[in-house]
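Examining the three-dimensional arrangement
One-letter residues, chain by chain:
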Amino acid sequence: DDLVVNEIIDPYVEVKIRGLDIDEERNQTYKTHMIKDNGFHPVWDSNTFEFQICAPDFCFLVITAYHGDILKRDKMGWYAIELNCVQQGYRVVPLLNNIFQPIKGSYVFCKVTITDI
């Protein structure tokens, strides 16, 4: 189901790693702050999320956009990508609905930096 919006949304984004237990347990789920009444062009310019991965061959990076309010949160869209497919640099991540279809005009723009330790 697509989110039916009868109000101006208050978006935020969660970013997490899915994969082997060791990688999921050592990496937290990050959440941006909520942008009040700005669903068309929210900007989270002060968020940096860092993950330390043991087994990148078995990991996915999951990005989920939510509309949050006082009583509940509604998933607006999401995207998952194999960690080995993530490229450095500025990236446009398309958001999908719950039946894996792209949501027209819905993207997360982010900068990716990969460092080997």
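Description of the structure in this document.

Here is what the cut-offs are and how they apply
- Residues numbered from 1 in each chain as written.
- Predicted model: local features only at pLDDT ≥ 70, side-chain atom pairs only at ≥ 80, totals over all residues.
- Heavy atoms only, no water.
- Phe/Tyr/Trp six-rings, centres within 6.5 Å; stacked < 30°, edge-to-face > 60°.
- Helix = DSSP H or I, 4+ residues; strand = E, 2+ residues; numbered from the N terminus.
- Buried < 20%, exposed > 50% of the residue type's maximum accessible area, 1.4 Å probe, protein only.
- Lys NZ or Arg CZ within 6 Å of the ring centre and 35° of its normal.
- Polar contact = N/O pair within 3.5 Å; in protein donor to acceptor, adjacent residues only side chain to side chain.
- Contact = heavy atoms within 4.5 Å.
- Pairing = 2+ DSSP bridges.

**Remarks on the packing of aromatic side chains**
Scanning the entire structure with this criterion turns up five aromatic pairs. A centroid spacing of 5.4 Å and a plane angle of 25 degrees characterise the contact between Y12 and Y66, whose relative ring orientation is stacked. Here the residue Y12 occupies a position in strand β1 (residues 11–18), and Y66 occupies one in strand β3 (residues 60–68), the gap between them amounting to 54 residues. By relative accessible area, Y12 is classed as buried at 6%. Between the aromatic rings of Y30 and F49, the centroid separation amounts to 4.9 Å while the plane-to-plane angle is 25 degrees, which identifies the pairing as stacked. Placement of Y30 in strand β2 (residues 30–31) and of F49 in the loop between β2 and β3 is noted, with a sequence separation of 19 residues between them. Linked through ring pairs, Y30, F49 and F51 together constitute an aromatic cluster. If you follow R73 out to its NZ or CZ, it ends over the ring of Y66, 4.0 Å from the centre.

**Brief notes about the side chain of D10**
Within the fold, D10 resides in the segment before β1. For D10, the side chain forms a polar contact with the main-chain nitrogen of D37, separated by 2.7 Å. Not counting the four nearest positions on each side in its chain, D10 is found in contact with M34, I35, K36, D37, Y66, H67 and G68.

**A word on the pairing of strand β6 (residues 102–112)**
Of the strand pairs in this sheet, strand β5 (residues 89–96) and β6 are connected by seven bridges, and their pairing is antiparallel. Pairing of G89 across the sheet is with V112, part of β6. Where β5 hands over to β6, the hairpin turn is made up of five residues, of which F100 adopts a positive phi near 65 degrees.

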